Amino acid sequence: MPQSGRSDPLEPLIRVEGITKRFRGVAALNGVGFSVRAGEVLGLIGPNGSGKTTLFECLAGVLPADAGRVLHQGRPFSAADRSTLLFYLPDAIAPWPAQRTRWAIEFVVDFFGGSRSALADVIHRLGLDPFLDVPIGQLSKGQRKRALLAMGLLTTQPVLLADEPFDGLDLRQSRELAVALRDAAARGRTLFLSIHQIADAARVCDRFVLLSGGTVCGEGTRGELSSLAAAKGLKTAADLEEVFLALT
Amino acid sequence: MRSRSAWLLPLAGKEWRELLASRAWWIFLIAIGPLVGFAFISAVRTYGEASGLHGTSPGVGEAFSPLIGIWAPTFSACELAAAFLWPFVVIRLVGGDRQSGSLKLELQHPVSTVARLWVKVFVLIAGWVIASAAPVAAVLLWKSYGGPIYLPELATVSFGHLLNAGLTIAVATLAACVTEHPSTAAIVTLGVTVGTWILNFVAAVHGGFWERVAGFTPTAMVAELQHGLVRLDVVLVAAVLIAALVWAAGIWIRLGVPVRHRVRESAVVGVAAAAVVWACSMTAVSRDFSENRANSFSKPDEEALRRIATPLRMVVHLAPEDPRRSDLDRRVIGKLRRVLPALDVRYESSTTIGLFEQTDPHYGEIWYELGGRTITSRSATPEGVLERIYELAAVTPEAELEEDIFRGHPLAVEPRGAAAVFYGIWPAAVAGTALIWRRKS
């Protein structure tokens, strides 16, 4: 567990400042900044190509950022902090494709020191029981996504970054996953989810970071974002989709 | 509290399962049987014929050493497998993590990337040891024919191929970590292998510095160990190269580190490795484990040579590609270096093949200088060279004892049952094991 120390209680768990990432001169992220508060479910919302995955990969240390910094409780974030504080669940991966799902989940728990006692419950809640003996590489997109989420939920890092957790899931599965994620948050885990379907985000997130074209267009609760949109001329207390469209 | 090494067992178990799940590994295992079998069957047949099988005239001397007649050719199949098949197994195990995306999960663990790669290296070495069951089957067959086995030389040959496999693992691991795609990694690895062959060719043509460097290529290393010679400098250099390549691979497999940082760190590793390699190459300790003393003069000759304290200088007027020179190197100079550390050998020639130097009155001469005395000779045989050295140093070796003379182990047998073992039983057993494992796991 990360050392909390005697930090300012009002200080967010993670503060991201000025993250910039360019690919061959083209800015994928341009001075991105926002905060992650302890125990919240924060949604990173943006259309395809807005830089969500790039931002997650910069935060998780998968990609080197060109500029900017990440603070953990006010202190600069080290590589050691990253491995004890964050667990990043990338999108569109099929880890250990030849291995059975049960083995892969248990491996993540054993390797990262996760919770064996919660294994059966998480597997059951995500509806993975029928697929436990199927190799990961033979699972459908949605099944694989659920297997990956099971791995993420069974790790013990205080912050879980999940890239597109609802991608590939049907409505029922999305709702069940939302409940499972809310339960994890209720047990004190901080969740930072990248979501391009705004309806999914509205179902599960406490606060939102709106990302468009590599820039943060807004940050806050639904109410705060509505006010921001109203200030920009949105006439009615519209739903999140309209707020997003107004702010981006 | 979770132990600091709690990651090791799950990771080693995962790497082992990944190796067994790889088709490349099972195909490699199936292929090595017939490869070794073909080499073994040919070697036993030739050995048998040289020993008088089918009414042929029995030969004499070194031809009857199982090391030269059986084990060197049989195990050379392992060299072929290490060069052309083994890299694909390594790249599958190392590069597969990147392809599947599991690297992004695994690298979130705080354990260093170099430690992670060493786990892979040890699992791959275990895989190579399992594949060595094919040459072990050859050894058992040879024993069943009544063939003699001299364990020190057999162990030396096996060690040489293990070291060669280790070098292949290290090169392929680095290639898989530096490149984005397994096919690129395979091309790079095979390119390195071909590069070492070119280096050997350049060394044969130009000699000097190139010859010294080429002495540390996997081909040269395996050739020496296949003849039962263990040189400490070669073993140390191979170990340092393996460690440095895995270290560099650990630098390149990391995620989230700018390329310029990796290049800088790799350069530091390269410079450090070059310095250690240079220091290791100064070591002159060696041991001949062959039963027939293939890399040594007779005991009385060695004792006589050790009595020569004055530095000996030889100037050899033979071109690099002249067969007399390679004979001289292999049968005389290599053995002399092991007993005369102060030996200084220089080669003089103005062409690479020597064919057009025959008119030079000095071509073919060997000049000796010891303690201010000089002598010239044209003999390049071990007896001729030793005679000149003894003459200069005024020493006389004692006669070789009858029991010390290696008389060989003729064995006139056919390779009975070997074809069935290597072409039938081996592939079937490996394929059956693969199927059982796939169903069980």
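These numbers come from a predicted model, not from an experiment. (Residues numbered from 1 in each chain as written. Chains lettered and ligands numbered in written order. Predicted model: local features only at pLDDT ≥ 70, side-chain atom pairs only at ≥ 80, totals over all residues.)

So what's going on with the pairing of strand β7 (residues 159-163) of chain A? Which residues, and what values?
Every other side chain in a regular strand lies on the same face of the sheet, so the side chains alternate between the two faces. All names here are of chain A. Most of β7 is tucked away: five of the five residues are buried. Where burial is concerned, the two faces of β7 agree: the one with Val159, Leu161 and Asp163 and the one with Leu160 and Ala162 are both buried. Alignment of strand β6 (residues 86-89) against β7, held across four bridges, turns out to be parallel. By the bridge assignment, Leu86 is partnered in β7 with Val159. Sheet analysis places β7 next to strand β8 (residues 190-195), joined by five bridges and oriented parallel. (Buried ≥ 20, exposed ≤ 12 C-beta atoms within 10 Å, placed from the backbone. Helix = DSSP H or I, 4+ residues; strand = E, 2+ residues; numbered from the N terminus. Pairing = 2+ DSSP bridges.)

How would you sum up the sheet that holds strand β5 (residues 366-370) of chain B? Please name residues and give values.
Residue and element names in this part refer to chain B. With mixed pairing, the four strands of this open sheet are ordered in space as β4-β3-β5-β6. Where the open sheet ends on each side, the last strands, each with one partner, are β4 (343-347) and β6 (373-377). Between one strand and the next, the sheet's axes are offset by a mean angle of 15°, whatever the strand orientation. Sheet contacts for helix α16 (residues 382-393): β3 (312-316), β5 and β6; angle to β6, the most-contacted strand, approximately 160°. (Axes fitted to C-alpha atoms, helices over the stretch in contact; angles between N-to-C directions. Contact = placed C-beta atoms within 7 Å.)

Run through the interface of chain B and chain A, naming residues and quoting values.
Facing the 21 residues of chain B at the interface are 21 residues of chain A. Listed by contribution, the elements that provide at least two residues to the side of chain B that touches chain A are α1 (8-21) and α5 (102-106) of chain B. Per-element accounting of the side of chain B that touches chain A gives the leading share, six residues, to α1 of chain B. In the side of chain B that touches chain A, the residues fall into 10 nonpolar, six polar and five charged. (Nonpolar A, V, L, I, M, F, W, Y, C, P; charged D, E, K, R; others polar.)

Break down the confidence of the model for chain A for me, with residues and values.
Residue and element names in this part refer to chain A. Counting all residues, the mean pLDDT for chain A is 90, and 94% of those residues have values of 70 or more. Here helix α2 (residues 79-85) is the element of chain A with the lowest mean pLDDT, 81, and β7 is the one with the highest, 97. A low-confidence stretch, residues 1-7 (pLDDT under 50), is modelled with 11 contacts involving residues beyond four sequence positions or located in other chains. (pLDDT = per-residue confidence, 0-100.)

Explain the environment of Phe422 of chain B to me, using residue names and the numbers behind them.
Residue and element names in this part refer to chain B. The topology assignment puts Phe422 in helix α17 (residues 418-440). With 386 residues separating them in the primary sequence, Phe422 and Val36 have C-alpha atoms 7.6 Å apart. Not counting residues within four places of it along the chain, the set of residues in contact with Phe422 comprises Gly33, Pro34, Val36 and Gly37.

Tell me about the domain arrangement of chain B, residues and numbers included.
Interface extent is often summarised as the accessible area lost during association of the parts. Residues and elements named next belong to chain B. Per the domain assignment, the segments of chain B are domain 1 (8-289 + 408-440) and domain 2 (299-404). With six residues of domain 1 in contact, the opposing surface of domain 2 contributes six residues. At three residues, the largest contribution of residues to the side of domain 1 that touches domain 2 is made by helix α9 (residues 182-206). (Domains from an automatic or database assignment.)

Which residues make up the packing of helix α2 (residues 23-50) of chain B against α17 of chain B, and what values do they have?
Residues and elements named next belong to chain B. With their axes 9 Å apart at the nearest point, α2 and α17 run at an angle of 170° to one another. In terms of axis orientation, α2 runs roughly antiparallel to α17. Seen from α2, the contacting residues are Trp26, Leu29, Ile30, Gly33, Pro34, Val36, Gly37, Phe40, Ile41 and Val44; seen from α17, they are Ala418, Ala419, Val421, Phe422, Tyr423, Trp426, Pro427, Val430, Ala431 and Ala434. For the contact of α2 with α17, the residue count by class is 18 nonpolar, two polar and no charged. (Parallel < 35°, antiparallel > 145°, perpendicular 65-115°, else oblique.)

Could you give me a rundown of the sheet that holds β7 of chain A, with the residues and numbers involved?
Hydrogen bonds between backbone groups are what pair the strands of a sheet, and the pairing can be parallel or antiparallel. Residues and elements named next belong to chain A. With mixed pairing, six strands are arranged side by side in an open sheet as β6-β7-β8-β3-β9-β10. Single-partner strands in this sheet number two, and they are β6 and β10 (215-220). The sheet shows a mean angle of 15° between the axes of neighbouring strands, taken without regard to direction. Set on the sheet, helix α5 (residues 141-154) makes contact with β6 and β7; between it and β6 the angle comes to about 180°.

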